[in-house]
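# Survey of secondary and tertiary structure
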Amino acid sequence: MTVLFYGSVIDHAGEQQSFRLQGSETVRDLIDALGHHFGQKFKAFLLGDETCLFLINGKGIMTARGLDTKLEPEDKVEILPFIDAG
């Protein structure tokens, strides 16, 4: 699958804008794999309260099963920083 980073997520990923990954069954597995590759600080950033939005093929994971949303090998995962309009 292809994982795309946007905004401040790129900064936390060491300026990397995308990543190719195989073998993640859920968003939770994906975050574990990204933490293994980019480090535990990156994983903690992704899991922070209202830090990031996750889109799978353009749809938010909160409309599915959250971190337990199933992933397919051909999915496009986008990770965006959460924007507080308040």
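Structural data are supplied above this passage.
Report on the accompanying structure. (Residues numbered from 1 in each chain as written. Predicted model: local features only at pLDDT ≥ 70, side-chain atom pairs only at ≥ 80, totals over all residues. Heavy atoms only, no water.)

## Thoughts on the sheet that holds strand 4 (residues 59-60)
As a reminder, the rule being used: Two strands pair under a simple rule: DSSP has to find at least two bridges between them. Numbering goes from the N terminus for both helices and strands, where a helix is a DSSP run of H or I of at least four residues and a strand is a run of E of at least two.
One open sheet holds the five strands; their spatial order is 2-1-5-3-4, and the pairing between them is mixed. A single partner strand is all that each edge strand has here, and the edge strands are strand 2 (18-20) and strand 4. Where strand 3 (residues 52-56) meets strand 5 (residues 76-81), five bridges bridge the pair, whose relative direction is antiparallel. Looking at the pairing, Leu53 lines up with Leu80 of strand 5.

## Details of the nonpolar core
Rules: Nine residue types can take part in a nonpolar core, namely buried Ala, Val, Leu, Ile, Met, Phe, Trp, Tyr and Cys, and a core is a set of them joined through side-chain atoms within 4.5 Å. Exposure classes here rest on a 1.4 Å probe applied to the protein chains alone. A residue is buried below 20% of its type maximum, exposed above 50%, and partly exposed in between. Contacts are assigned to residue pairs with any non-hydrogen atoms lying within 4.5 Å of each other.
Counting 23 residues, the largest nonpolar core has Val3, Phe5, Leu34, Leu46 and Ile79 as its most contacted members. Elements supplying a minimum of two residues to this core: strand 1 (2-5), helix 1 (8-12), helix 2 (27-38), helix 3 (40-47), strand 3 and strand 5. No other element matches helix 2, which puts five residues into this core. Residue contacts for Leu46: discarding those within four places in its chain leaves Val9, Ile31, Leu34, Cys52, Phe54 and Ile79.

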